[in-house]
Every structure is written in structure tokens, then in C-alpha cells.
Amino acid sequence: MTKKPVIAIDGFSSTGKSSISKVIAKTLGLIHLDTGALYRGITFFALQNCLDENQKLDFKKLMQNLPIIKLEFQNVDGELQLFLNGQNINKEIRFPQVSDNVSQVAKEAEVRNFLLETQRNIAKQGGVIMDGRDIGTVVLPNADYKFFMTASPDERAKRRFVELQTAGEKTDIETVKQNLNTRDKIDSEREVSPLKQADDAILIDNTNLNKEQTINLIMSYII
Ligand code: DC
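Residues numbered from 1 in each chain as written. Predicted model: local features only at pLDDT ≥ 70, side-chain atom pairs only at ≥ 80, totals over all residues. Heavy atoms only, no water.

### Describing the overall build of the protein
Where we set the bar: Only runs of H or I of at least four residues qualify as helices and only runs of E of at least two qualify as strands under DSSP, and these elements are numbered from the N terminus. For the radius of gyration, the atom set is restricted to C-alpha positions; the globular benchmark scales as 2.2 Å times the number of residues to the power 0.38. Exposure is judged per residue with a 1.4 Å probe applied to protein chains only, and the accessible area is read against the type maximum: over 50% gives exposed, under 20% gives buried, and values in between give partly exposed. Accessible areas in this description were obtained via Shrake-Rupley with a 1.4 Å probe; residue shielding takes into account the shown protein chains only. For the purpose of counting charges, residues Lys and Arg are taken to be positive, whereas Asp and Glu are taken to be negative. His and the chain ends are not included. Taken as the charge centre is NZ of Lys, CZ of Arg, CG of Asp or CD of Glu, depending on the residue.
The helix and strand inventory of the protein stands at nine helices and eight strands. The C-alpha atoms of the protein give a radius of gyration of 17 Å, which matches the 17 Å a tight globule of 223 residues would have. On the principal axes, the C-alpha backbone points of the protein span a range of 55 × 40 × 35 Å. Counting across all 223 residues of the protein, residues that qualify as buried make up 46%. Accessible surface, the protein as shown: approximately 11700 Å² in total, 50% of it carbon and sulfur. Across the protein, the centroid of the 29 positively charged side chains sits 2 Å from that of the 30 negatively charged ones.

Now the structure itself:
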């Protein structure tokens, strides 16, 4: 293929979408965009600036504030890191408080519309691999390749738990599993752009595959 491809990778949390997309991007010379980071960035902003008197998210306030949110990826030591209004928030967007609230924020149609153009603009020139939940169905329906990743809930919880432990977070496997289940449910059942496999996406179940095997399987479909 002479023109660089546009690749959409959707699927459930903790199936390795982002880390696998990163490797494929490097191999094929593509830009990698982790769209979940954008939703996390908005959630981080909301937790800092849009709480009501009960310390709960005030969605009305968030919508009013959307125009002043500027999210951009900058290259830091060869890795794209997320900046919110000039502040590097790459670490902060992985905090449990953000993970616990992000699905609620991602449910909002105004938030999704706000991020739609950002995502499509990045893909305009081609040569991109984008991972998320609605890339193949809504953001880039004409992508050259679409994949939908899944793995058993137990396996995904195990992976996430190890990831959090390595990052020094104190948690237990049951809490992690609960958080994943809740997010899957909200993501799959929301009205706007729910998490679902596009009709023309290739299903990748990596319950019994390691990272390298998953990459090889995906690469075997890319000409
Ligand atoms: O991939 P992740 O776990 O970082 O995503 C965080 C949340 O953002 C997830 O609960 C679903 C939401 N999300 C979405 O709704 N659409 C996307 N394209 C990417 C993420």
C-alpha cells in the first residue's frame, strides 16, 4: 500500500488496545492516537474545576467550560503525552479517581461532539492508528482496517491489576474487576456512540494470547 493506512482499534478496557497500537504505529510508521486519553483529560479537568457542593461532578458546569478546554498531544522523549491547557497531565489521567468517573463523562453527547473534530482532524492526512470505543463505528467509519478487541473479564482484570500494582497503586483484584465491569456496562449501554463491534471489524480475542502474539495476529491482516 503506497498511501499509509488508517487503522481503527476498538474494544473493551484492558485488552491492550493502546500498548498494541503503539507497537504497530512504530512498525508501520503511523501516528498513534489513544482516544481514551482525551476523555480522561476532560474528566481530569471536570474533577478539578466542575464539582458541586457535594463534591460530585457538575455536568452543566462542565458543558459551559468545554470551550476553554484545550487538549493536545506533544512529543515528550519520543512518546505522545497529553497536555491540558499547557499542563502535562499524562500521569494524572491514569489516577483511579479519573478511571472511576470517565465513563460518566464519555456518556455525554456534548463531550463526544467536542472531541469528534479533534479526532477526525488528526486522521485527515492518513497514516494513523486510533484506539478507542467508537472509532470504527463513528469517528472513522471509512478506516482501511478495523479491529475489535476482547478478552475474558477475568483475564482483563488480572492485566489491569498487575498494571496498577506496577504503577504503585494500592488496590485489590475485586475492586479492579468491579471498576472494569461498571465501565464496560456504561460504555456498551450508553445512547451515543456505544461500544460495539463495527459490522466490518475483525474480532480479536486475546484471552489466550500475549502481547506479541496479538500484534502478530493483527499485522497478519494488514497488507
Ligand atoms: O481506553 P480508556 O480506558 O483509557 O478509556 C477511558 C474511557 O473513555 C472509557 O471508559 C470509555 C471512554 N472512551 C469512549 O467512550 N470512546 C473512545 N473513543 C475512547 C474512550
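Now, onward.
### Here we look at the sheet that holds strand 2 (residues 31–34)
Threshold: We call two strands paired when DSSP finds no fewer than two bridges between them. To get an axis, a line is fitted to the C-alpha atoms, and for a helix only the part in contact is used. The angle between two axes follows their N-to-C directions and goes from 0 to 180 degrees. Here, two residues are considered to be in contact whenever any of their heavy atoms come within 4.5 Å of each other.
What the five strands build is an open sheet, ordered 2-6-1-7-8; its pairing is parallel. Only two strands of the sheet have a single partner each, and these edge strands are strand 2 and strand 8 (202–205). Adjacent strand axes in the sheet meet at a mean angle of 20 degrees, parallel and antiparallel pairs treated alike. Lying over the sheet, helix 1 (residues 17–28) contacts strand 1 (6–11), strand 2, strand 6 (128–132) and strand 7 (145–150), oriented at roughly 180 degrees with respect to strand 6. Its contacts with the sheet place helix 2 (residues 35–49) against strand 2 and strand 6, and it is angled at close to 40 degrees to strand 2.

### Here we look at the packing of aromatic side chains
Quick note on the threshold: Paired rings are identified among Phe, Tyr and Trp, the last through its six-membered ring, by centres lying within 6.5 Å, and are further divided according to the angle between planes into stacked (under 30 degrees), edge-to-face (over 60) and tilted (the rest).
Counted under the stated rule, the structure contains two aromatic pairs. Taking the centre distance of 5.9 Å and the plane angle of 80 degrees together, the rings of Phe 12 and Phe 148 count as edge-to-face. You can see Phe 12 sitting in the loop between strand 1 and helix 1 and its partner Phe 148 sitting in strand 7, a full 136 residues away along the chain. Residue class for Phe 148 comes out buried when judged on its relative accessible area of 6%.

### Things to note about the sheet that holds strand 4 (residues 79–84)
Sheet architecture is open: three strands sit in the order 3-4-5, paired in antiparallel fashion. The strands lining the two open edges of the sheet, one partner per strand, are strand 3 (71–76) and strand 5 (87–88). Of the pairings in the sheet, the one linking strand 4 to strand 5 comprises two bridges and is antiparallel in character. What sits directly across from Leu 84, in strand 5, is Gln 87. Across the face of the sheet, helix 2 comes into contact with strand 3, strand 4 and strand 5 while running at roughly 30 degrees to strand 4.

Honestly, that's just the spatial picture; any functional story needs more than this.
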